[in-house]
Amino acid sequence: MRLRSISLALMLALNVSGPARAQELRPDQAEFRALYKELVETDTSVATGSCTLAAEKMAAHLRAAGFADSDLTLFKVEEFPLDGGLVAVLPGTSRSLKPMLLLGHLDVVNARREDWERDPYAFIEENGYFYGRGTSDMKAMVATWVDTLARFKKEGFKPRRTIKMALTCGEESGARLNGAEWLAANKPDLIAAEFALNEGGGGRTDGKGTVLTQAIQVGEKSNRTFEFTTTNPGGHSSTPVDDNAIYELSDALVKLRAYKFPVRFNDTTRVFFAKAGAARKDDLGVAMMALAKNPADKAAEAVVSGDRSFNSMLRTTCVATMLSGGHASNALPQRATATVNCRVVPGEDADTTKAALVAAIGDPKVDVKLVGRLRPVAVPPPLDPRIIKPAETLVAKYFPGVPLIPTMSTGATDATYLGAVGIPTYGVPGGWGDPDGNGTHGLNERREVKSVFVGRDFLYDLVKALSDAK
Ligand SMILES: [Zn+2]
């Protein structure tokens, strides 16, 4: 019996239910597909598109579903008329529960028609995939948020907790304006919430349609850039001396390469390495579990650090990314500069990172300076069982036998801005992607049709559960 139930679970995991083709859609699914199509076909790239237009279209959908104008706020900043967004509110019945927030970015990475196989702004269904810029990042989820609110309204569902939705621009380029940052700074009351749901989590297939894992993103690293500078009086290159700005900087960079920041676990990564290690059936998995149990296990640390993404989850990393120096081929260099990009784990900040770099270089003549536009330091959200448990329950229902693994992003997302104003933000599971990344930010972006529809059902259930819990 036990064997049979396991194989049944495996079969379910292999073939997650969901419509494969357009003609099999229920009316509500067809409506959702049309909304998703409209969103993908609305160019929202920073080069040629308009988030403002997409925000207006999403507001129109909510108005048609019965939302009052007073519950819809279209916003934009005068200097950047194309970078607008939308905040919608579905009031809850409880006076004591704080609202929850659904976050999504409307903008997409630029796409050039001549580089793509198909028109990036035409929504094309082919071989079980939807193609088009934004199909994966992140218009499936944005369409799902809008569709979920519209369905709740039409069904007369009154959540206990007020549900807010913020659709913003500028997550991808940030060139002109980051909408989440702007809302946090200028409309904190409008988006105030106990927690937020965002992109960053989700399932991963084996590349052949089987969902192997589901992830919930809980926390991320911060991005900090430093400049190492050496200076020297210089002189004629025909009479060189050992004291040389370029050599001095080179020595510092060699030490930087050798330096490894200490392993620093947090609640999320401890659970991640234990669970993701257990899901693997190899030596790396064994080492991941051993290290989660004992962070001082040097042998396990060496194995896990050999994987570049696991290494980045274990510790702060700093790497030389740009280099300049000297001013003439026949002169001793008066100045040399290296740009060093660091990804800082929660619990550390620019000051502690800088102190570690200065100590690792051990040369007071190398000036180490923090540079660049600063995002706030990421505040790690708690592994809150009120969020994790309902997500686990739904993963067990939709993907029997598939583990839900908390992950920490090694990049930085809009969650940084919400965390800084006291809104812990979770990247939710549900829909899934393939190991090749689905062309996200690249060419021929695509999302599996089943992933879109199952993800929609999953998130509808998750938002309902979280908004209706006491
Ligand atoms: Zn995104």
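The rules we used
Residue numbers here run from 1 along each chain, matching the order of that chain's written sequence. At least 70 in pLDDT is required for a residue's local features to be given in this predicted model, at least 80 for side-chain atom pairs to be given and counted, and no such filter applies to totals for whole chains, interfaces and linings, which use all residues. Side-chain calculation: all heavy atoms of the structure are included, whereas hydrogens and water are not. Each metal's donors are the N, O and S atoms within 2.8 Å of it, or within 3.2 Å when it is Na, K or Ca, and because water is not part of the set, sites may look incomplete. Only DSSP runs of H or I reaching four residues or more are called helices, and only runs of E reaching two or more are called strands; each is numbered from the N terminus. Note that a disulfide, as used here, is simply two cysteine sulfur atoms within 2.5 Å. Each residue's exposure class comes from its accessible area (1.4 Å probe, protein chains only) as a fraction of the maximum for that residue type: buried when under 20%, exposed when over 50%, partly exposed otherwise. Strands qualify as paired when DSSP identifies two bridges or more between them. Each axis is a line fitted through C-alpha atoms, taken for helices only over the stretch in contact, and angles between the N-to-C directions span 0 to 180 degrees. We call a set of buried residues a nonpolar core when its members are Ala, Val, Leu, Ile, Met, Phe, Trp, Tyr or Cys and they connect through side-chain atoms within 4.5 Å of each other. Residues are treated as being in contact if the distance between any of their heavy atoms lies within 4.5 Å.

I tried to follow the coordination of the zinc ion on my own but got confused; where do I start?
Think of it this way: four donors in a tetrahedron around the metal ideally sit 109.5 degrees apart, and six in an octahedron ideally sit 90 or 180 degrees apart. Those protein atoms acting as donors to the zinc ion are His105 (NE2), Asp137 (OD), Glu199 (OE) and Glu199 (OE), and they sit at 1.9 to 2.4 Å. Each donor residue of the zinc ion lies on one chain, and together they are spaced H-x31-D-x61-E. Of the two residues, His105 is situated in strand E3 (residues 100-105) and Glu199 in the loop between strand E7 (195-198) and strand E8 (202-205); the sequence distance between them amounts to 94 residues.

I would appreciate a short explanation of the state of the cysteines in the present structure.
Two cysteines, two sulfur atoms, one covalent bond between them: this is a disulfide. By the definition in use, this model includes 2 disulfides. The partner cysteine of Cys51 in its disulfide is Cys169, sulfur to sulfur 2.1 Å. Taking the torsion about the sulfur-sulfur bond, which here is approximately 65 degrees, the covalent link between Cys51 and Cys169 counts as right-handed. Within this pair, whereas Cys51 is found in helix H3 (residues 51-64), its partner Cys169 is found in the loop between strand E6 (163-168) and helix H5 (179-186), the two being separated by 118 residues in sequence. For Cys318, the disulfide goes to Cys342, at an S-S distance of 2.1 Å. Torsion about the S-S bond of the Cys318 and Cys342 cystine: about 115 degrees, corresponding to right-handed handedness. Separated by 24 residues along the polypeptide, Cys318 in strand E12 (residues 317-325) and Cys342 in strand E14 (residues 335-344) bring together distant segments of the chain. The pair formed by Cys318 and Cys342 is uniform in burial state, with each residue classed as buried. Ordering the disulfide-forming cysteines of the protein chain by sequence position, one finds them joined as 1-2, 3-4.

Explain the sheet that holds E12 to me, please; I cannot follow it from the model alone.
The strands making up a sheet associate through hydrogen bonds between their backbones, and the pairing can be parallel or antiparallel. With antiparallel pairing, 4 strands are arranged side by side in an open sheet as E12-E14-E10-E15. Of all the strands in the sheet, just E12 and strand E15 (367-371) have a single pairing partner and so form its edges. Between one strand and the next, the sheet's axes are offset by a mean angle of 25 degrees, whatever the strand orientation. In this sheet, E15 lies alongside strand E10 (residues 222-231) in antiparallel orientation, the contact comprising 5 bridges. By the bridge assignment for E15, Phe228 is matched with Val368.

Hey, could you run me through the nonpolar core in this one?
The tendency in soluble globular proteins is for nonpolar side chains to be buried as a group. In terms of nonpolar packing, the biggest core is built from 65 residues, with Leu62, Leu86, Trp145, Met165, Leu197, Phe399 and Leu462 touching the most fellow members. Examining the composition of this core, we find that 10 residues originate from one element, helix H15 (residues 449-468), more than from any other. Beyond its immediate sequence surroundings of up to four residues, Met165 is in contact with Leu62, Leu86, Val87, Ala88, Leu101, Leu102, Trp145, Val146 and Leu149. Of all hydrophobic cores here, the second largest spans 19 residues; its members include Phe226, Phe261, Cys318 and Ala338.

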